[in-house]
Amino acid sequence: MKELIVATKNSGKAAEFREMFSKYTIEVKSLLDFDDPVNDIEETGTSFEENAAIKSEAICSKFNVPVLADDSGLVIDALNGEPGVYSARYAGEEKDDQKNIEKVMAKLKDVPENDRTARFICAIAVSRPDKETFIKVGKCEGSIALEERGNHGFGYDPIFIPNGSNRTLAEHTPEEKNSISHRKNAILQVEGWLKAQS
Ligand SMILES: O=P(O)(O)OP(=O)(O)OP(=O)(O)OC[C@H]1O[C@@H](n2cnc3c(O)ncnc32)[C@H](O)[C@@H]1O
Ligand SMILES: [Mg+2]
């Protein structure tokens with residue numbers, strides 16, 4: 001079975017990838033599966049695409065196998081695109097999901113329902129030894145809820161309502177989220193390559 005490393009240390013992302021890749025005969029590993037801890041990669045880019053490629057290329061050079069990386073985040077119109085590429089560390093270096101949510105909710109406290117439009121974006125970069133990296137982007141349009149709700153998922157899911165629903169993503173089952181998410185929409189675009197691997 002071919003091996004694919006998903007270059008993430010985010011357990012929420014790793015679980016979603018594992019589930020969405022289960023239909024392929026590919027052995028999927030995340031950076032959380034290695035006995036020797038892999039150093040953090042500095043995300044110095046100014047776009048999701050750039051940061052995804054920084055991660056996939058760094059891990060591909062290290063292990064010499066195909067690597068897929070995800071750089072993703074929440075873009076809120078009323079905050080001029082924040083938290084954007086800084087989504088993980090919006091409220092500080094400790095990457096605390098709850099503090100990040102509280103920071104967003106405080107900044108949006110006077111913003112009415114109609115002006116709370118937002119989207120999740122996911123850039124997926126695939127790097128292979130001696131080949132060019134390719135990058136695809138997926139989106140999920142929606143809005144920021146007036147209050148936090150639900151326990152599923154991770155990150156900003158408790159405050160994000162996808163268009164067409166009245167529930168937050170954290171009130172969607174993992175299967176439901178994986179059928180509409182930004183991550184799913186990015187994966188769909190690399191499906192041809194994934195099939196060729198399995
Ligand atoms: O870099 P890796 O190791 O993959 O893990 P990370 O958590 O630092 O990941 P990113 O740099 O891509 O930052 C993404 C942040 O955006 C948020 N995010 C991304 N996808 C999300 C999703 O599906 N649901 C909720 N929040 C999400 C969440 O706060 C993530 O920490
Ligand atoms: Mg990161």
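Cut-offs and rules
Residues numbered from 1 in each chain as written. Chains lettered and ligands numbered in written order. Predicted model: local features only at pLDDT ≥ 70, side-chain atom pairs only at ≥ 80, totals over all residues. Helix = DSSP H or I, 4+ residues; strand = E, 2+ residues; numbered from the N terminus. Rg over C-alpha atoms; globule rule 2.2 N^0.38 Å. Buried ≥ 20, exposed ≤ 12 C-beta atoms within 10 Å, placed from the backbone. Contact = placed C-beta atoms within 7 Å. UniProt positions renumbered as here; feature names shortened; annotations may be inferred. Near = placed C-beta within 6 Å. Nonpolar A, V, L, I, M, F, W, Y, C, P; charged D, E, K, R; others polar.

**With respect to the overall build of the chain**
Reasoning step 1: Looking only at helices and strands, one finds 6 helices and 6 strands in the chain.
Reasoning step 2: Ordering the α and β elements of the chain from the N terminus gives β-α-β-α-β-α-β-β-β-α-α-α.
Reasoning step 3: Whereas a compact globule of 198 residues would reach a radius of gyration of roughly 16 Å, the chain reaches 17 Å, a difference of no more than 12%.
Reasoning step 4: Dimensions of the chain, computed from the C-alpha atoms along their principal axes, are close to 50 × 30 × 30 Å.
Reasoning step 5: Within the chain, the proportion of its 198 residues that are buried is 34%.
Reasoning step 6: Look at the contacts in the chain between residues 6 or more apart in sequence, and 57% of them connect residues 24 or more apart.

**Section: the UniProt feature "active site" (unreviewed entry) in the chain**
Reasoning step 1: In the numbering used here, UniProt assigns the feature "active site" (unreviewed entry) to Asp71.
Reasoning step 2: Along the chain, Asp71 turns up in strand E3 (residues 67-76).
Reasoning step 3: C-beta crowding within 10 Å serves as the criterion here: with 28 such atoms nearby, Asp71 is assigned to the buried category.
Reasoning step 4: Contacts of Asp71, omitting those with residues within four sequence positions, involve Glu43, Phe48, Asn51, Ala52, Lys55 and Ala123.

**Here's the deal with unusual backbone geometry**
Reasoning step 1: Across the junction of Glu82 and Pro83, the peptide omega takes the value -5°, indicating a cis bond.
Reasoning step 2: The residue Pro83 is located in the loop between E3 and helix H3 (97-107) in this model.
Reasoning step 3: Backbone geometry places Lys95, a non-glycine residue, at a positive phi of 55°.
Reasoning step 4: Along the chain, Lys95 falls in the loop between E3 and H3.
Reasoning step 5: Its 15 C-beta neighbours within 10 Å are what place Lys95 among the partly exposed residues.

**Some words on the UniProt feature "binding site: Mg(2+)" (unreviewed entry) in the chain**
Reasoning step 1: The residues that UniProt annotates with the feature "binding site: Mg(2+)" (unreviewed entry) are Glu42 and Asp71. Spatial clustering of the annotated residues is evident: they stretch over 30 residues in sequence, but the largest pairwise C-alpha distance comes to 12.1 Å.
Reasoning step 2: For Glu42, the location among the structural elements is in the loop between strand E2 (26-30) and helix H2 (48-63).

**What to know about the environment of Gly138**
Reasoning step 1: Here Gly138 lies in strand E5 (residues 134-144).
Reasoning step 2: A residue is classified by how many C-beta atoms lie within 10 Å of it, and Gly138, with 21 of them, is buried.
Reasoning step 3: When the C-alpha positions of Gly138 and Lys103 are compared, they lie 25 Å apart, and in sequence the two are 35 residues distant.
Reasoning step 4: Beyond its immediate chain neighbours, meaning those up to four positions away, Gly138 contacts Cys122, His182, Arg183, Lys184, Asn185, Ala186 and Gln189.

**Digging into the site of ligand 1**
Reasoning step 1: As a structural note, the neighbourhood of ligand 1 is formed by 21 residues, with Thr8, Asn10, Ser87, Ala88 and Gly155 the closest of them.
Reasoning step 2: Tallied by class, the residues present in the shell around ligand 1 amount to 5 nonpolar, 9 polar and 7 charged.

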